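# Per-entry structural report
Letter by letter, the chains look like this.
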Amino acid sequence: VLSNGVEAFPHNGVVGSTNSAQIRVDPSVTYDASSGSTYLFWTEQNPGQSQCGLSGQRFDAAGNRQWTDHGTTLIPVGSPEIRQVKTLLSGAGVFAFWTHIPGFGNDTLHGAHVDTMGAFDIGPFDVSSTSSVKSRLDADTGTTGQMILAWSDQRVDGGDILAQNVNPD
């Protein structure tokens, strides 16, 4: 909904992917005011929800899908789990961050920059490579353009709060 109250996209919204063979959960969205683009990333799952991947979509100002009707697949559906997807605008494109879970208690955090065409142009890279239970991931952009991530981390005890900055490069 635009600041004047008019719906920017068609009434009741637009789906990020028309792929009815998969399930989409845990979405994260960011808006680029300079281009009018909206970026949406999510965890893509098989119908049994036993395998996960990372997918995304870019919409133009009118809500038209820009990365095919199924979106872009950044990490194909498979093992391990992909959870807690976060998306932040940065330069020409966005950063996507996610939790990579090969087994319980072995979570790591990763990120990558996705260009306007829907492909990785930086990364994927480690944000937190120490294996532990990680939950409640949050992300925001700092005043100098860096991304700041914070999460609950159980590597030492029942849950400390850890943080990491990621520069645009």
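Up top is the structure.
Fair warning: this is a prediction, and the values are worked out from it, not measured in the lab.

Two faces make up the sheet, and in a regular strand the side chains alternate between them. The buried count for strand β2 (residues 37–45) comes to nine of nine residues, which makes it a mostly enclosed element. Where strand β1 (residues 23–32) meets β2, eight bridges bridge the pair, whose relative direction is antiparallel. Bridge assignment links Y31 to a residue of β2, and that residue is T38. The hairpin turn running from β1 into β2, its antiparallel successor, is four residues long, and G36 in that turn takes a positive phi close to 80 degrees. Bridge count for β2 against strand β3 (residues 52–59) is eight bridges, and the pairing is antiparallel.

Further remarks concern the pattern of salt bridges. Overall, the coordinates contain five salt bridges when judged by the stated rule. With a shortest N-O distance of 3.1 Å, D153 and K134 are connected by a salt bridge. Note that D153 is positioned in strand β10 (residues 147–153) and K134 in strand β9 (residues 134–141), a separation of 19 residues in sequence. The residues D153 and K134 share a single accessibility class, namely buried. Residues D153 and R155 are paired through a salt bridge, measuring 3.0 Å at the closest nitrogen-oxygen approach.

All right, on to the environment of V29 then. Assignment of secondary structure puts V29 in strand β1. The class of V29 is exposed, set by a relative accessible area of 51%. As a C-alpha pair, V29 and A96 span 67 residues in sequence and 9.9 Å in three-dimensional space. Every residue in contact with V29, bar those within four places of it in the chain, is listed here: T38, Y39, L40 and T87.

Taken together, the four strands give an open sheet; going across it, the order is β1-β2-β3-β4, and neighbouring strands pair in antiparallel fashion. Pairing within the sheet leaves two strands with one partner each, and these edge strands are β1 and β4 (72–78). In this sheet, neighbouring strand axes are inclined to one another by 20 degrees on average, regardless of whether the strands run parallel or antiparallel.

A ring pair, where both rings are aromatic, is described by two values, the distance of the centres and the angle of the planes. For the structure shown, the criterion picks out six aromatic pairs. Among the aromatic residues, those joined into a ring-pair cluster are Y39, F41 and W67.

The rules we used
- Residues numbered from 1 in each chain as written.
- Predicted model: local features only at pLDDT ≥ 70, side-chain atom pairs only at ≥ 80, totals over all residues.
- Heavy atoms only, no water.
- Buried < 20%, exposed > 50% of the residue type's maximum accessible area, 1.4 Å probe, protein only.
- Helix = DSSP H or I, 4+ residues; strand = E, 2+ residues; numbered from the N terminus.
- Pairing = 2+ DSSP bridges.
- Salt bridge = Lys/Arg side-chain N within 4 Å of Asp/Glu carboxyl O.
- Contact = heavy atoms within 4.5 Å.
- Axes fitted to C-alpha atoms, helices over the stretch in contact; angles between N-to-C directions.
- Phe/Tyr/Trp six-rings, centres within 6.5 Å; stacked < 30°, edge-to-face > 60°.

None of the figures reported here should be taken as evidence of function without further support.
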